[in-house]
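The chain contents come next:
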Amino acid sequence: MTHRDDAGPICNLRFVTLLVALSPELLLLGAGVQLQDNGYDGLLVAINPQVSEDQNLIPNIKEMITEASFYLFNATKKRVFFRNIKILIPTTWKANNYSKGKQESYEKANVIVADWYGTHGDDPYTLQYRGCGEEGKYIHFTPNFLLNENLIAGYGPRGRVFVHEWAHLRWGVFDEYNYEKPFYINGQNQIKETRCSSDITGIFVCEKGPCPQENCIISKLFQEGCMFIYNSTQNATASIMFLQSSPSVVEFCNASTHNQEAPNLQNQKCSLRSTWDVISDSADFSNSVPMNGTELPPPPTFSLVQAGDKVVCLVLDVSSKMAEADRLLRLQQAAEFYLMQIVEIHTFVGIASFDSKGEIRAQLHQINSDDDRKLLVSFLPTTVSAEAETSVCSGLKKGFEVVEKLNGRAYGSVMILVTSGDDRNVDNCLLTVFSSGSTIHSIALGSSAAENLEELSHLTGGLKFFVPDKLNSNSMIDAFSRISSGTGDIFQQRIQLESTGEIVKPHHQLKNTVTVDNSVGNDTIFLVMWQTSGPPDIVLFDPNGRKYDTNNFTNNLALQTARLWIPGTAQPGDWTYTLNNTHHSPEALKVTVTSRASSLAVPPATVEAYVERGSTHFPHPVMIYANVRKGFYPILNATVTATIEPETGDPVTLKLFDDGAGADVIKNDGIYSRYFFSFAVNGRYNLKVHVHRSPSISALAHSISGSHAMYVPGYIANGNIQMNAPRKSMGRNEEEQKWGFSRVSSGGSFSVLGVPAGPYPDVFPPCKIIDLEAVKLEDEVILSWTAPGEDFDQGQATSYEIRMSKSLQNIQDDFNNAILVNTSKLNPQKAGTKEVFTFLPKLVTNEPEDQFDGETQGSHRIYVAIRAMDRGCLESAVSNIVQITLFISQNSAPVLARDSQTLKGVLTAMGLIGFICLTIVATHYILNRKKRTAKKENGTKLL
């Protein structure tokens, strides 16, 4: 394996040299959005196939992005604009002279247009799963948002909304408002609205109009129904990440306008940094300069593309290397599984094979029936050649010949490339592959597969997989199961419910349970595979106790598989299977269970597993993610387990979490995350994720996760309150969760280089704390956070270092010299545990420092951060920074901050009335007291 360390840089140099020679158009293929000469190229907008055809949708998308381009150009001080955009039209829409698509697919889109599947919310949002300054996954608009002109009153012009979401997606900034914490107490001990900048003006209102203080504040908290209504005419120019709908707002909050006090995600995730500071540090700004002149950039150009017929070619290695570790048999089993179960109906499929040269085994056949599927299976290779040499380029050349016979070009086709050969000439056909317009999914078998094989996938937007040489590994099946049509039509795709394998001892059994939930059940298939001896004895019980045995399964002894198809819709509940090894030798037994959606009205639960990057260098960890949801709604409280298989050695299991700590950026967003750093060897690693949910646990989030564009409830215009239509709830309808569910998904492969050959010292520090929070209670400050580990998010750290300062810049830039808090009694707990620590911040409040701008003489503002250390004195990165306002005055009751002369007048009048009432009461009390005294004196005289 050590040859990879030396060969990698040479291979990369050859690859970079080739890229320089490629045309700009080819460079964009598979590369996502690129910034060139201040313009963004390659932005892909995709319309979901479930969206009904509407000829107004496309012009509205064009108008939105054109408006956004000019708005973005000015907001970024002439830095960036949108140059060219592709809109992917669903195949379900009638042809209208759309261009033929190449590698574009719904699953690769930067912007998707899709319904909520039966709910009524229309909030545009961006799915962000990484930290501050990191790109998000996609922007989501509903068709109704793009078509309904009435929504513009609440969200603002669509182009402005697009820029708001683009900043989330491209630059990793977060929202500056907070629906859950709309108000806070500021440094002047006033109630303020969560906003940025603080110059945005408006008034507080209740259900019937402006609120006097006693109607809105209850025990220092705001009463439900109170809200902040903005003035329709503003002078504030910031911020786009807060009130993009206001005509005056034309820029992002910068250091001078940013509101560090506001309890929003931008402050929490970016350590109180302004949006503009984060954007300015991005690669886009590092690699560009503002454009000269006063002219606006040209408007964007749009290309409308539509996928044609679904065309797939299997390109399979048959060199002598495939005879090792039963690779050919496992390939036959997986390819048969793909042809019989996975590939969608009406798809054209062909087969090519290769060793040192390529061969066409089957021309394109369209799948319209099971007989078509079985015919294609008959063309799968059954023997290996005598040649050890492999030529991937020769195999791909034959694959292109196969798919080009349909329409004369390979545009939009898919190649599933499977090889175990060490071919050092893969880069010889990179240019051919790029210009073909085909997408290459690569599956590497064993440790000798070509090093740069994955580049074919990376630069055509394909998936990449690795299959270790383990007889009980189901990785080949999992890889084929993950490869879908890419249309985004989840109702037509097959969903993997179970995938497991074991080496079973003689006369022992493999027994397990798979849950079929009510969102799936159509076309359910149980597939059993064995590797060496004859078939096992199979027993399967459905939830009602009905028994299926070996006689009910259809055996294929040549491929060593047994299949059971459940007619109709499978009974929801737990299905229990038992595989008995009746032979006298150990047997590799494997099971996979797949199904389809049970209804077009209810989207099934899905899991998408992936890693942050396709390669890493020791000791940098890999971030593993699993996106678990039903439609677009996050599924919470699931048990999510990742299995990572190296080229050699035992697999590693790792539980993933959705707790907003460690590798997980946002809590309860349905994206479960974890660091992986247990690198045993150099080379490729395979990732698979299992998801299970018990029926007794609340599963579905009540809202769509992500960074949303704010909906404005109303405005103050000419002294009158003008309310917009109420924001439609995105909450789901309550439904009975009678059954749990099971899901399995391959996360593809990643590679690791630089792993030491022998034992190595501790090089993994505790992970950064990203959820530090602070609350002031009387004179004390209470901090809380999630404990990191000894190594990233595993184990137990040794100590904490907490520091505070009155200067944000000081604690950001010079943490080591900030004031140290005594933590001698604070012992770290196990990773993932909630930590709580209380201290008195007297060291800061007693300091004779000058008062900072914006602070009153009765308050101090301090900043606190924390980092952890392990046994080897390795330190984590400094945590997110929190801010606390300390009140020195005796009377610390909050007052209601007023941004409106109307409410000031109301409060003044109320104050005068209160004063008069108090004077009357006091006068009455004094007079009564004098009378009582006089009576008492008279009584004494009488005595």
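Our subject is the structure listed above.
K.L.:
Give me the overall build of the chain: which residues, what numbers.
P.N.:
Along the backbone of the chain there are 19 helices and 52 strands. When burial is assessed residue by residue, the chain has 54% of its 943 residues classed as buried. Considering only intrachain contacts with a sequence separation of at least 6, the fraction spanning at least 24 residues in the chain is 76%. Working note: accessible area of the chain is about 40,000 Å², and carbon and sulfur atoms make up 51% of it.

K.L.:
Could you give an account of the state of the cysteines, naming the residues involved and the relevant values?
P.N.:
In the structure shown here, the tally under the stated rule is three disulfides. Two residues share a disulfide in this structure: C132 and C270, whose sulfurs sit 2.1 Å from each other. Every disulfide takes its handedness from the sign of the S-S torsion; for C132 and C270 that torsion is 105°, giving right-handed. Of this pair, C132 sits in the loop between β8 (125–127) and β9 (138–141) while C270 sits in the loop between α8 (265–269) and α9 (275–280); the two residues are 138 residues apart in sequence, bridging distant segments of the chain. Residue C132 is classed as partly exposed on the basis of its relative accessible area of 26%. Note on C270: relative accessible area 2%, which makes it buried. Here C196 connects covalently by a disulfide to C253, the sulfurs 2.5 Å from one another. On the sign convention where negative is left-handed, the bridge of C196 and C253, at about -125° about the S-S bond, is left-handed. With C196 in the loop between β11 (190–193) and β12 (202–206) and C253 in the loop between β16 (227–231) and α8, this residue pair connects regions lying 57 residues apart in the sequence. C196 gets classed as buried once you look at its relative accessible area, which sits at 0%. Classification of C253 by relative accessible area gives buried; the value is 0%.

K.L.:
With reference to specific residues and values, describe the pattern of salt bridges.
P.N.:
This model, assessed by the stated rule, comprises 32 salt bridges. A salt bridge links D422 to R424, with the shortest nitrogen-to-oxygen separation between them at 3.9 Å. Ionic pairing is found between E801 and R867, a salt bridge with its closest N-O pair at 2.8 Å. Of the two residues, E801 sits in strand β47 (residues 799–805) while R867 sits in strand β50 (residues 859–869), which places them 66 residues apart along the sequence. Using a relative accessible area of 10% as the deciding quantity, one classes E801 as buried.

K.L.:
Quick one: what's the story with the packing of aromatic side chains, residue by residue and with numbers?
P.N.:
Inspection of every chain in the model, using the stated rule, returns 40 aromatic pairs. Three or more aromatic residues link up through ring pairs in this structure, and these residues are F618, Y675, F676, F677, F679, Y685, F750, Y760, F764 and F792. Here the basic side chain of K77 rests over the ring of W276, its NZ or CZ set 4.5 Å away from the ring centre. Here K137 stacks its cationic end above the ring of Y610, 4.1 Å away from the centre of that ring.

K.L.:
Could you give an account of the nonpolar core, naming the residues involved and the relevant values?
P.N.:
A general trend in soluble globular proteins is that nonpolar side chains are found buried together. Judged by nonpolar contacts, the single largest core of 65 residues is most densely connected at F82, F162, W166, W171 and F252. A total of nine residues in this core trace back to one element, the largest contributor, which is helix α3 (residues 57–75). The residues touching F82, leaving out its near neighbours within four places in the chain, are Y40, L43, I65, A68, S69, L72, F162, W166 and P300. In terms of nonpolar packing, the next biggest core, distinct from the first, is built from 59 residues, Y138, L654, V689 and L700 among them.

K.L.:
Describe unusual backbone geometry, with residues and values.
P.N.:
Residue S197 is bonded to the preceding C196 through a cis peptide linkage, with omega at 10°. Locating S197 in the fold gives a position in the loop between β11 and β12. Unusually for a residue other than glycine, D523 sits at a positive phi of about 55°. Structurally, the position occupied by D523 is in strand β26 (residues 520–530). By relative accessible area, D523 is classed as partly exposed at 24%.

K.L.:
Account for the sheet that holds strand β1 (residues 34–36), naming residues and giving values.
P.N.:
Here we have three strands laid out as an open sheet, ordered β1-β2-β4, and mixed in their pairing. Looking at strand neighbours, the two that pair on one side only are β1 and β4 (81–82), the edges of this open sheet. The pairing of β1 with strand β2 (residues 39–41) spans three bridges and is antiparallel. Bridge pairing in β2 links Q34 to D41.

K.L.:
An account of the sheet that holds strand β29 (residues 554–556) is needed here, citing residue identities and associated values.
P.N.:
Here we have five strands laid out as an open sheet, ordered β24-β32-β26-β30-β29, and antiparallel in their pairing. Across the chains shown, the open sheet's two edge strands, defined by having one partner strand only, are β24 (495–504) and β29. Pairs of neighbouring strands in the sheet enclose a mean axial angle of 15°, with direction left out of account. By the bridge criterion, nine bridges tie β24 to strand β32 (residues 587–597) in an arrangement that is antiparallel. Within β32, the residue paired with E498 across the bridge is V593. Here helix α16 (residues 475–482) sits on the sheet in contact with β24, β26 and β32, set at roughly 170° to β24.

K.L.:
Describe the environment of A601, listing the residues and the values that go with them.
P.N.:
Along the chain, A601 turns up in the loop between β32 and β33 (605–611). Judged by relative accessible area, A601 falls into the exposed class, the value being 58%. Sequence spacing of A601 and S519 is 82 residues, and the spatial spacing of their C-alpha atoms is 9.5 Å.

K.L.:
Got a sec to walk through the pairing of strand β44 (residues 741–753)? Specific residues and values, please.
P.N.:
Within β44, eleven of the 13 residues are buried, which leaves it mostly tucked inside the rest of the structure. Looking at chain direction, strand β34 (residues 615–617) and β44 are connected through three bridges and run parallel. Paired with T616 across the bridge in β44 is V752. For strand β40 (residues 683–693) and β44, the ladder comprises eleven bridges, and the chain directions are antiparallel.

Calculation rules
Residues numbered from 1 in each chain as written. Predicted model: local features only at pLDDT ≥ 70, side-chain atom pairs only at ≥ 80, totals over all residues. Heavy atoms only, no water. Helix = DSSP H or I, 4+ residues; strand = E, 2+ residues; numbered from the N terminus. Buried < 20%, exposed > 50% of the residue type's maximum accessible area, 1.4 Å probe, protein only. Contact = heavy atoms within 4.5 Å. Areas by Shrake-Rupley, 256 points an atom, 1.4 Å probe, with all protein chains shown as cover. Disulfide = S-S within 2.5 Å. Salt bridge = Lys/Arg side-chain N within 4 Å of Asp/Glu carboxyl O. Phe/Tyr/Trp six-rings, centres within 6.5 Å; stacked < 30°, edge-to-face > 60°. Lys NZ or Arg CZ within 6 Å of the ring centre and 35° of its normal. Core = buried A, V, L, I, M, F, W, Y, C linked by side-chain atoms within 4.5 Å. Pairing = 2+ DSSP bridges. Axes fitted to C-alpha atoms, helices over the stretch in contact; angles between N-to-C directions.

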